[in-house]
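One-letter residues, chain by chain:
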Amino acid sequence: EWVTLALLPHIPKRIKTVWEPTCASGKMVRALQQRFKTVYATDITAGPQTHGWQIYGRDFLKEQRCEYDAIITNPPYILAQDFIRHALYLTRPSGFIAMLLRTDFDHAKSRAHLFTHSPFAKKLVLRQRIRWIEGSTGSPSFNHAWFIWDWHHEGSPVIAYH
């Protein structure tokens with residue numbers, strides 16, 4: 001949850017409703033609900049815990065509309081580029097997108113278009129590594145960051161640290 005809480009101060013005040021399309025167990029949703037009254041939670045498959053506010057069997061990449069101000073998620077890494085492109089399509093011309101990705105996601109030449117010819121606004125680097133399995137004792141091996149696209153952003157992207 002701390003990962004999502006780190007993002008909250010970087011979400012513009014104009015954002016009132018959020019869609020989390022890969023909600024799994026709902027940790028991100030619960031953190032988002034601390035700020036937003038409306039958090040729409042979907043996932044393509046059922047998570048280990050089922051809650052009444054989650055809708056399963058929804059494939060984000062097949063969705064044709066977004067009725068929410070923002071899409072905030074931790075996409076499957078192998079599909080991250082597709083998720084970003086689709087989120088940009090769904091939120092145009094005024095939405096907000098935040099994707100939790102490995103810190104070096106923006107290094108690939110093949111993904112440069114997502115950062116140079118888009119409303120890319122901010123990279124929020126997390127200085128603490130994410131422990132994905134509660135109670136695990138091993139050291140996490142990857143660094144992560146929130147990558148933020150905002151159709152209202154003007155100027156160059158910025159980098160921030162948490």
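A short tour of the structure in this document, coming up. (Residues numbered from 1 in each chain as written. Predicted model: local features only at pLDDT ≥ 70, side-chain atom pairs only at ≥ 80, totals over all residues. Heavy atoms only, no water.)

Describing the nonpolar core
Point 1. Core analysis: the biggest nonpolar cluster contains 26 residues, and Ile11, Leu32, Phe36, Ile72, Phe96 and Trp146 have the highest contact counts within it.
Point 2. Counting residues per element, the ones that place at least two in this core are helix H1 (2-7), helix H2 (27-32), strand S2 (38-43), strand S4 (70-73), strand S5 (96-102), strand S6 (120-125) and strand S7 (144-150).
Point 3. Aside from chain neighbours lying at most four places away, what touches Ile72 is Leu7, Ile11, Val18, Trp19, Glu20, Pro21, Met28, Leu32, Phe96, Ala98 and Trp146. (Core = buried A, V, L, I, M, F, W, Y, C linked by side-chain atoms within 4.5 Å. Buried < 20%, exposed > 50% of the residue type's maximum accessible area, 1.4 Å probe, protein only. Helix = DSSP H or I, 4+ residues; strand = E, 2+ residues; numbered from the N terminus. Contact = heavy atoms within 4.5 Å.)

Some words on the pairing of S4
Point 1. In S4, alternate side chains face the same way, and those of Ala70 and Ile72 on one face and Ile71 and Thr73 on the other are all buried.
Point 2. Sheet topology places strand S1 (residues 17-20) next to S4; two bridges connect them, and they run parallel. Across the sheet, the residue bridging to Trp19 is Ile71, located in S4.
Point 3. Pairing analysis gives four bridges linking S4 to S5, with the strands arranged parallel. Across the sheet, Ile71 pairs through a bridge with Ile97, a residue of S5.
Point 4. Following the chain from S4 across helix H3 (residues 80-91) to the adjacent parallel S5, one finds a crossover that is right-handed. (Pairing = 2+ DSSP bridges. Right-handed = clockwise from strand over helix to strand, strands pointing away.)

A look at the pattern of salt bridges
Point 1. Counted by the stated rule, this structure contains six salt bridges.
Point 2. Across the pair Glu63 and Arg58 runs a salt bridge, and its minimum N-O distance is 2.8 Å.
Point 3. The salt bridge partner of Asp106 is Lys123, with a shortest N-O separation of 3.1 Å. Of this pair, Asp106 sits in the loop between S5 and helix H4 (113-116) while Lys123 sits in strand S6; the two residues are 17 residues apart in sequence, bridging distant segments of the chain. (Salt bridge = Lys/Arg side-chain N within 4 Å of Asp/Glu carboxyl O.)

Let's talk about the environment of Ile148
Point 1. Turning to its location among the elements, Ile148 is positioned in strand S7.
Point 2. When the C-alpha atoms of Ile148 and Lys122 are compared, they prove to be 5.0 Å apart, with 26 residues separating the residues in sequence.

Some remarks on the side chain of Thr42
Point 1. Topologically, Thr42 is positioned in strand S2.
Point 2. In terms of polar contacts, Thr42 uses its side chain to reach the side chain of Trp19, at 3.0 Å. (Polar contact = N/O pair within 3.5 Å; in protein donor to acceptor, adjacent residues only side chain to side chain.)

What to know about the packing of aromatic side chains
Point 1. Within the structure shown, the criterion is met by 13 aromatic pairs.
Point 2. Aromatic side chains Tyr40 and Tyr68 sit 5.0 Å apart centroid to centroid with 10 degrees between the ring planes, which places their arrangement in the stacked category. Note that Tyr40 is positioned in strand S2 and Tyr68 in the loop between strand S3 (54-56) and S4, a separation of 28 residues in sequence.
Point 3. Its relative accessible area of 17% is what places Tyr40 among the buried residues.
Point 4. Its relative accessible area of 21% is what places Tyr68 among the partly exposed residues.
Point 5. The interplanar angle of 65 degrees and the centroid separation of 6.2 Å between the aromatic rings of Phe105 and Phe147 together place this pair among those described as edge-to-face. Residue Phe105 is located in the loop between S5 and H4, and its partner Phe147 is located in strand S7; the two are separated by 42 residues in the primary sequence.
Point 6. With relative accessibility at 1%, the residue Phe105 sits in the buried group.
Point 7. According to the relative accessible area criterion, Phe147 is buried, its value standing at 0%.
Point 8. Three or more aromatic residues joined by ring pairs form one cluster here, namely Tyr77, Phe105, Phe115, Phe120, Phe147 and Trp149.
Point 9. Directly above the ring of Phe142 sits Arg102, whose terminal nitrogen or CZ lies 3.6 Å from the centroid. (Phe/Tyr/Trp six-rings, centres within 6.5 Å; stacked < 30°, edge-to-face > 60°. Lys NZ or Arg CZ within 6 Å of the ring centre and 35° of its normal.)

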